[in-house]
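This is what each chain is made of:
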Amino acid sequence: MSLNVEHRSVRALPSEKPIRLLDNAGHAVHGSATGGFDLPDAETLLELYRRMVVARRFDVQVTALTKQGRLATYPSAYGQEACEIGAISAIEARDWFFPTYRDSIALLTRGIEPGDILQSFRGDWHNGYDQHAHRCASQATPLATQALHAVGLAHAARLRQDPIVTMTYLGDGATSEGDAHEAFNFAAVWQTPTVFLVQNNQFAISVPLSRQTRAATLADKAVGYGMPGFHVDGNDVAAVYSVTRAAVERARSGGGPTLIEGLTYRIEAHTNSDDPTRYRHARDVEHWKRRDPIERLEKYLVSEGALSEDVRTEIADAAESVAAHTREVMTTEAELDPLELFDHVYGRPRAALLEQRARLEAELADAATDAGAAR
Amino acid sequence: MSLNVEHRSVRALPSEKPIRLLDNAGHAVHGSATGGFDLPDAETLLELYRRMVVARRFDVQVTALTKQGRLATYPSAYGQEACEIGAISAIEARDWFFPTYRDSIALLTRGIEPGDILQSFRGDWHNGYDQHAHRCASQATPLATQALHAVGLAHAARLRQDPIVTMTYLGDGATSEGDAHEAFNFAAVWQTPTVFLVQNNQFAISVPLSRQTRAATLADKAVGYGMPGFHVDGNDVAAVYSVTRAAVERARSGGGPTLIEGLTYRIEAHTNSDDPTRYRHARDVEHWKRRDPIERLEKYLVSEGALSEDVRTEIADAAESVAAHTREVMTTEAELDPLELFDHVYGRPRAALLEQRARLEAELADAATDAGAAR
Amino acid sequence: MTATTTEHVTPAASAPTQLTMAGALNAALRDAMADDDRVVVYGEDVGPLGGVFRVTDGLQSQFGEDRIWDSPLAESGIIGTAVGMAMYGMRPVVEMQFDAFSYPAFEQMVSHVAKMRNRTKGRMTLPMVVRIPCAGAIGGVEHHSDSSEAYWTATPGLTVVMPSNPADAYSMLREAIDSDDPVVFMEPKSRYWSKAPLTLPVTTAPMDRAVVVREGTEVSLLAYGPTVRTALEAADAAESEGLSIEVVDLRSLSPFDDETVGASVRKTSRAAVIHEAAQFGGYGAEVAARVTERNFHHLAAPVLRIAGFDIPYPSPKLEEHHLPTPDRVLAALDTWEWDR
Amino acid sequence: MTATTTEHVTPAASAPTQLTMAGALNAALRDAMADDDRVVVYGEDVGPLGGVFRVTDGLQSQFGEDRIWDSPLAESGIIGTAVGMAMYGMRPVVEMQFDAFSYPAFEQMVSHVAKMRNRTKGRMTLPMVVRIPCAGAIGGVEHHSDSSEAYWTATPGLTVVMPSNPADAYSMLREAIDSDDPVVFMEPKSRYWSKAPLTLPVTTAPMDRAVVVREGTEVSLLAYGPTVRTALEAADAAESEGLSIEVVDLRSLSPFDDETVGASVRKTSRAAVIHEAAQFGGYGAEVAARVTERNFHHLAAPVLRIAGFDIPYPSPKLEEHHLPTPDRVLAALDTWEWDR
Ligand SMILES: Cc1ncc(C[n+]2csc(CCOP(=O)(O)OP(=O)(O)O)c2C)c(N)n1
Ligand SMILES: Cc1ncc(C[n+]2csc(CCOP(=O)(O)OP(=O)(O)O)c2C)c(N)n1
Ligand SMILES: [Mg+2]
Ligand SMILES: [Mg+2]
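Under an unreviewed UniProt entry, chain C has the name 3-methyl-2-oxobutanoate dehydrogenase (2-methylpropanoyl-transferring) and belongs to Agromyces ramosus. Under Cofactor (unreviewed entry), UniProt gives the following word-for-word description of chain C: "thiamine diphosphate".

As annotated in an unreviewed UniProt entry, chain A is Pyruvate dehydrogenase E1 component alpha subunit from Agromyces ramosus. According to its UniProt record, chain A has this under Cofactor (unreviewed entry): "thiamine diphosphate".

What follows is the structure, encoded as C-alpha cells:
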C-alpha cells in the first residue's frame, strides 16, 4: 500500500496547561509545567527585558502619535511583548521573519529604523524598509497570507542547502483562514524549517476566541499536520524564548516546522479606530494588566539580583531615546513624489502607464503654476 | 479572562489503527480494534450488501459506457463501495447530502435516477437531478467547496430547530484545501449537525497521500477543531456504517460535527482520461483488489448463513436490471434546447441577455432553413 | 424616458430626518430582519461591535445571536456557509470587511454563488446578499481601498449594485434582500457618512435601473457610488462655464441599464464614465464599449474613461492623486474636439 | 509598422519537426530548467503524471524531485509558497490545473503577486510564472472551461499573456520565465494539440507585442489564444466573398500593444475583438474601449465584440452554441453599415 509510513511523525497532544518558566509573581517554575524547557540564563533574560522595555516605550509612543494624527493607523502590541520579543529573539540575522501589521515592535527589535517601520502606518508608502537587508517581509495585512510566503521561502532555502529558518507570526483569528491551514500543511509535508507563532491575544478585533475555535488550545492544530505543537504562556518571555529557540534549532537541523501558541492579551484597542468597550469588559483588561509580561520578568531579575537600579535606569534611558527619535522622525513630514506611483508597478516600463504619468506630471505642474500665480 | 472554557470538548487522538468490525477474511472483529462499535444486525448488513452490489454493477456499466463515448467523463468509485454506501445509508431521507464528482453510486443508493445522476457527466447540463426532492446537492467539482455548503445548511436547519443532519464526502486530496479547514472549523464552532466523511483512497489523481499530509491519519485533523475524529477501515462497510450512524445520531441530538476518515483505495483510473500506470504499480491495485469490500461482506454473510443462493441471484438480477436501465437511458440522446442556456442565469430576465437569446434563436432558425434547403 | 429621472423618492409620510448612508443601511437591515425572519446577518465583527463601519450597530441586541452573529474569521467560510443557508431557504446577508478581504471567497463567489441557479435550471436559487464596503478615499492603509467591482461584473450570474446616497442605500438593500438571486451589494465607504433628509421606509427607483440625477444637454457623465458626487461637482463647476452636463447614477452595474444611459447619451452625444478603480480592464471599459456599440452614430466623440491610474491603490498620503476629481473630469472633457 | 508582422520566427538552424503546443511548452520548461537552476516547477500532478495535459511530461525523471514536484492540493498554498520561493530568488513556474481552480488563489494573486514590486518600491521582485490551461472547447464538464483572463487583466501589477501557436508558446514561456516580474501565462487548452513545424529553440516577437498574423485591408480582427484560429478561418471564408480581413494576434493581454493594434485599425477603419469569455465585463471591453478612445476618428463603425454569451460556460453538448465561430464572426461583421 502507498502510505508512506516512514514519513510519519510522532503523534502527541500539546499540553493543555500552557508551558511556563516564570510565574506571574516572577518565580521560576519547576516540574512538568515547564514542559521540560530550561529557563534561559540571566544574561539572556536581561537582554529580553531590555528589548521588551524599549519595545513597550516605542509602542506607547506610537500610539500617542497616532492619537495626535501623525499616523493613519497603528495596531498596538501592548501586553504582547513576551511573544513579540521572545520569539523574534530566537532567530538569527540570517533567518527570515514574516510579520503581520501587529508586529511593529518585533521589527524594532530586529533593528529596523522606526521611521522605516512606520512609513506604511503613516501613509507614505505601503512598505518602508528594505526586506532583503533585514530579511524581513513586509507587515502582512491580508490575514495568514504571509505564512505561506514563510513556508515557500524556507523551502527554497532548503533546496539550496542554505541552513536558514523562517519565522512567522499569526493572530488567533488568522488561524481560521484557509491560508493558515495550507501553510501548516505545506510546511509539514515539505518539512520546511519554519516556526509558526500564533499570538493568541484572545480577540480578532471584537471576536473572542470562543467564536474562532472549539479546540482546547490552538496548538492542538499541530496534530492534524503531524507537526509538533506547543501551548505556551504568552506573557512569559522566558517560556516563549525557550520554546521558540528549541523549535528554531530543530528546524535548522532538518527537523521540520513547529506550531507554537502563545496565550496572551491585547491591552490596547485593535487599532486607534476601534472601540473595545463594545466587546470586552474593563475588568478583563485589568486582569491581564496584572499579568504584565515586563513586570513579571522584572520581578524575577530583581529577586535574582540580576537587574540593578543603574541598569534599569540605563534601559529606561535607552527606551526614552528610541521614543524621542520616533517622535522626531514622525513629526517631520516625508517628501513624497506622487510620480513615483508609476515607477514600481512593473520592472519594464509600459507605454500606457508612462502616458498616465505624464498626465499627472502636467497636472502637478499646472497646480504648481496656479499656486505660484496665487502667491 | 475570555476563554469560553465551558465550550471546550474532550481532546482525544483518534486510534491510529483503523476501526474495523469485519476483517478481510469476513470474520467479525472483537476487542479494542472495533473502537467500541457494534456490528450491525444481519438484516442491515444484507441491505448494505445489496446496495453495494447494485452500486458496483452500475459503476462498472457507466465506466463501460464512458469508454464507448456515451459520457464526457466518469469518475469511478470501484473499490470504495464500503465508504460510499455505508455512510449514505446512515442518513435519512430528511437529511441532506453534499457529494463530490466521485460519489455517483451514493446518489444511486439515495434513489436518484441513473439518467438524472449522469446528465452532467454525459454533458447535457451541469446538474440533472432535483436537489430539493432528494435533499442532495449537486456533485461538487471545486474541491472541498461543498463541505461549507453542508455546514451552512446544517446551521440554518439548527436555527430552525429542524432536526436534520448534513453529510458530506471529501477526498484525501481535498483535505488540503483551505475550504476543508474552514468547513471543519465553522462546523465545530457553530456545533452544526454535520458528518464529514473523508474517503482516503490514497491518491489525488496521481498524488499519493504522503505528498498530501504528514499526519498519522486524516482523522487526526479533528483534534485541531475540537471535534471527534474516527479513523475507519474504509473497505469494511460494517465499520463505516456503524461509525457514521453513531455520528449522525450524535449530530441529530445536538452533539455537533464529526470527522470520519475511511481508508480505502480507488481501483479504477481517476477518470477515463487518466493514466494510472504513470503513478502507481499494478501490484498495489492487485493488493487492494484482494481487500474488496463486497467480497468481505459476502464472506461474512455466507458464513453466517445470511445470504442464500436465491437472494444472491435476486440481488444480481436487480443489479443487472439497473445496469440495463442505465444502458438504455444513456444510449438515448436527450433532446437539448440550446436556448435554455439563457433561461436560468437569473430569475429576473435581463434585456441584454434576451437580445443574445434572440440572436441565437435566429442563428438556429437560419441553420434549420439551410439544412432544410440542403435536403 | 422620464420614468427613471430624479423623482425616485416616494413621498414622505412624516417629517424627514437627517440620515447617513451607514444609518440608512442599518435601518434597511433592521427593517428587513423585522419583516422576514429568514433574514440572518453574519460576518466578521458584525455582532457586538456593529461592524467596523457600524452598519450593523445595535442589531444583535435587538434580534439576538440567532439572527445576527460573529462568524469565524474566514471569508470563503462565510460565503460558502451562506450558500448552504440560502439552499435551506434562509436569506443570509453577509459582510466582507473590505473589498480585498472578499478575495479569499472568490472561488465560492464565482464557482457557486454565481452558478447555482443556472446549474440547477432554476430549481435551486440562492437568495443571499454579499455586502462589500468598497473603494477608497478614506485614508486606508494597503488593502483597504480596492475597488473589486470589475471582478464581480465580469462574472455571469451575479447581480452587482452600488448605491451613491442614503435613500438608494436603504431602498436598494431592501430590494437586494428581497431578491431570490444573489446580489453583490457594494457600499462606497467614503459615502458612509454622507447625509440626506429621509423618512423611512423609502422606495427609490428599482435597483436594476440607472437614474438621471442631474439633467443636462451637452455631456453625459456616467458615474456610480463614490464618483456620483464627483460628477455632480464637476457638473456644477461646468455650469458656471456654460457647459451643460447631465449626470447618470448607474446604480446597477450588472445588469447595465442600456435604456436610461442610451437615452441620455443620444441626447447629449458625448459621454464619459468615471470610477475610482484602475482604468485598464475596469468596469468603465464595459460601459464605454457598450455605450459605443449601441450609440455609435449618435456619438460626437469617443466615450471617455476617467478612472484611477493603472496602478495598485496608493498609500493614504498619495491617494488624492489617484482619485478622479471634478477638475480631472473637466480637464478630460477638454480633450474632446468641441464644435458647438 | 512591419516590425511586428508575420515574420516573427527566427530562421531555423536545422530541419523543423512537427510539434504540438503542449510539446513546445514542455520543451520550453525543459530548456529553461536546464539553463537556469533557479527554475523550479510544481503544482498538482505535474510530477510522475506530467500534468493532466502532459505539459510537464518527463521533466521529473530528467530533473529530479528537487526541481519539479507534486505539491499538496491547495492553490492558494501553491501561489503563496511560490511568492516565498521567488522572494528567495528562485524562479518558480507553477500550474493551476484549470482556470476555475486558480480561484482559491485569488487573494494571493491580487493582494501579493500583483502588488509586491510596487509595495516595496521595486526592492522585492517576484520572478514567477503562473501557468493556467485556459478556456474551453474541449468538452469539459462544469468548471473546466472558464476563461479567467478578465480577472487578471483588471489587476494592475500582473502581466498576462496568451500564445495561440506552438512557436509562440515556446518563445513566450521562455521569456515569461526570464522575466523578473510575475507573469500569468495562459495556455488555450483547445490548442494544446495543434501542431506546427518548429526547430527549437525559437524566438518569436517579444511577449508584450501583438502580431499581425494575416494582412488585410478592410477589417481588423483582434483575437487571442483559441480565437486566433477562429479569426483566420473567418478571414479565409471572407476572402472568397471579396472581403479583406486583417488578423491581429494580441498575444499580450496586459500590457496591450496599442501601437500594433492602432496601426492595423487605422489602416482598416473597422475592428472586432473575438473571445470565448462572456462579453459583459470581458477583456474585449477593454480592447473595444481603448481602440475606440485612441482611434475614434479613424473608425467607420463601432468596434464589435464577438464573444461568449453572458452566461456561465455551458455543458459539453451545448458549448458549440456559446463559442464564437467563423460564421458568427462574419455574421457580426454584416451588422455594420458598409459603404464601400
Ligand atoms: C483576509 C482578511 N480578512 C479580514 C481582515 C480584516 N481584519 C484585520 S485584523 C482582523 C482581526 C485579526 O485578528 P487576529 O488574527 O486575532 O490578530 P490580532 O489583530 O488580534 O493581532 C481582521 C478581521 C484582514 N486583514 N484580512
Ligand atoms: C479547487 C480544485 N482544484 C483542483 C481540482 C482538479 N482536481 C479534480 S479531482 C482532483 C484530485 C482530488 O483528489 P481527492 O480529493 O483525493 O479525491 P478523489 O478524486 O481521490 O476521490 C483534482 C486535483 C479541482 N477539481 N478543484
Ligand atoms: Mg487576536
Ligand atoms: Mg483521493
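Having put the structure on the table, let's press on.
S.K.: I keep staring at the site of ligand 2 and nothing clicks. Help me out?
M.R.: The full set close to ligand 2 counts 21 residues, and Tyr101, Arg102, Asp172 and Gly173 of chain B together with Glu75 of chain D are the nearest of them. Chain contributions to the surroundings of ligand 2 come from chains B, C and D. At 2.7 Å, a side-chain N or O of arginine 102 of chain B approaches an oxygen atom of ligand 2. Its free accessible area being 580 Å², ligand 2 has 96% of it covered by the protein chains. When grouped by side-chain class, the residues that make up the shell around ligand 2 number nine nonpolar, six polar and six charged.

S.K.: I'm lost on the UniProt feature "domain: Dehydrogenase E1 component" (unreviewed entry) in chain A in this one. Help?
M.R.: What UniProt calls "domain: Dehydrogenase E1 component" (unreviewed entry) maps, in this numbering, to residues 50-321 of chain A. The straight-line gap between the two end C-alpha atoms of residues 50-321 of chain A is 13 Å; of that span, 44% is helix and 11% is strand.

S.K.: What is the right way to read the sheet that holds strand β6 (residues 159-161) of chain C from this model?
M.R.: Working definition: the strands of a sheet are paired by backbone hydrogen bonds and lie parallel or antiparallel to each other. Residues and elements named next belong to chain C. Strands sit in the order β3-β2-β4-β5-β7-β6-β12 across an open sheet of seven strands; the sheet is mixed. Of all strands in the sheet, those bounded by a partner on one side alone are β3 (68-70) and β12 (252-254). Within this sheet the neighbouring strands show an average axis-to-axis angle of 20°, counted without direction. In terms of strand pairing, strand β5 (residues 129-134) meets strand β7 (residues 183-188) through six bridges, oriented parallel. For isoleucine 132, the partnering residue across the bridge sits in β7 and is methionine 186.

S.K.: What exactly am I supposed to notice about the packing of aromatic side chains here?
M.R.: Geometry of an aromatic ring pair is reported as the spacing of the ring centres plus the angle between the planes. A complete count under the given rule lists 52 aromatic pairs over all chains for this structure. For the ring pair tyrosine 74 of chain A and phenylalanine 121 of chain A, a centre distance of 6.0 Å and an interplane angle of 85° mean the geometry is edge-to-face. One end of the pair, tyrosine 74 of chain A, is in the loop between α1 (42-67) and α2 (81-88); the other, phenylalanine 121 of chain A, is in helix α4 (residues 114-122), and 47 residues separate them in sequence. The exposure class of tyrosine 74 of chain A is buried, given its relative accessible area of 3%. Ring centres of phenylalanine 53 of chain C and phenylalanine 98 of chain C lie 5.4 Å apart, and the angle between their planes is 65°; on these two criteria the pair is classed as edge-to-face. Placement of the pair is phenylalanine 53 of chain C in the loop between β2 (39-43) and α2 (59-63) and phenylalanine 98 of chain C in the loop between β4 (91-95) and α4 (106-113), with a sequence separation of 45 residues. Each member of the aromatic cluster is reached from another via a ring pair, and the members are Tyr103, Phe106, Tyr151 and Trp152 of chain C together with Tyr103, Phe106, Tyr151 and Trp152 of chain D.

S.K.: Can you walk me through the coordination of the magnesium ion (ligand 4) in this structure?
M.R.: For a metal with four tetrahedral donors the ideal donor-metal-donor angle is 109.5 degrees, whereas six octahedral donors ideally subtend 90 or 180 degrees. Residues and elements named next belong to chain B. Those donors, Asp172 (OD), Asn201 (OD1) and Phe203 (O), are the protein atoms that reach the magnesium ion (ligand 4), and they lie 2.0 to 2.1 Å from it. Here the donor residues for the magnesium ion (ligand 4) map to a single chain with the spacing D-x28-N-x1-F. By relative accessible area, asparagine 201 is classed as buried at 4%.

S.K.: Before we go on, may I ask you to explain the site of ligand 1 in this structure?
M.R.: In the neighbourhood of ligand 1, 21 residues make up the surrounding shell, with Tyr101, Arg102, Asp172 and Gly173 of chain A together with Glu75 of chain C lying closest. What surrounds ligand 1 is not a single chain but chains A, C and D. Within the contact set of ligand 1, an oxygen atom lies 2.9 Å away from a side-chain nitrogen or oxygen of asparagine 201 of chain A. Between ligand 1 and glutamate 75 of chain C there is a distance of 2.5 Å, counted from a nitrogen atom to a side-chain nitrogen or oxygen. Here ligand 1 loses 96% of its free accessible area of 580 Å² to cover by the protein chains. Its residues assigned to classes, the shell around ligand 1 shows nine nonpolar, six polar and six charged.

S.K.: Looking at this model, I keep getting lost on the UniProt feature "domain: Transketolase-like pyrimidine-binding" (unreviewed entry) in chain C. Mind explaining?
M.R.: Using the residue numbers shown here, the UniProt feature "domain: Transketolase-like pyrimidine-binding" (unreviewed entry) corresponds to residues 19-194 of chain C. Taken end to end, residues 19-194 of chain C is 36% helix and 17% strand, and its first and last C-alpha atoms sit 8 Å apart.

S.K.: Looking at this structure, I do not really get the coordination of the magnesium ion (ligand 3). What am I missing?
M.R.: Residue and element names in this part refer to chain A. The coordination sphere of the magnesium ion (ligand 3), as far as protein atoms go, consists of Asp172 (OD), Asn201 (OD1) and Phe203 (O), spread over 2.0 to 2.1 Å. Counting residues between consecutive donors of the magnesium ion (ligand 3) along the chain gives the motif D-x28-N-x1-F. Separated by 31 residues along the polypeptide, aspartate 172 in the loop between β2 (166-171) and α7 (178-190) and phenylalanine 203 in strand β4 (residues 203-204) bring together distant segments of the chain. For the pair aspartate 172 and phenylalanine 203, a shared accessibility class is recorded, and that class is buried.

Calculation notes
Residues numbered from 1 in each chain as written. Chains lettered and ligands numbered in written order. Predicted model: local features only at pLDDT ≥ 70, side-chain atom pairs only at ≥ 80, totals over all residues. Heavy atoms only, no water. UniProt positions renumbered as here; feature names shortened; annotations may be inferred. Near = heavy atom within 4 Å. Polar contact = N/O pair within 3.5 Å; in protein donor to acceptor, adjacent residues only side chain to side chain. Areas by Shrake-Rupley, 256 points an atom, 1.4 Å probe, with all protein chains shown as cover. Nonpolar A, V, L, I, M, F, W, Y, C, P; charged D, E, K, R; others polar. Helix = DSSP H or I, 4+ residues; strand = E, 2+ residues; numbered from the N terminus. Pairing = 2+ DSSP bridges. Axes fitted to C-alpha atoms, helices over the stretch in contact; angles between N-to-C directions. Phe/Tyr/Trp six-rings, centres within 6.5 Å; stacked < 30°, edge-to-face > 60°. Buried < 20%, exposed > 50% of the residue type's maximum accessible area, 1.4 Å probe, protein only. Donors = N, O, S within 2.8 Å, 3.2 Å for Na, K, Ca; no water.

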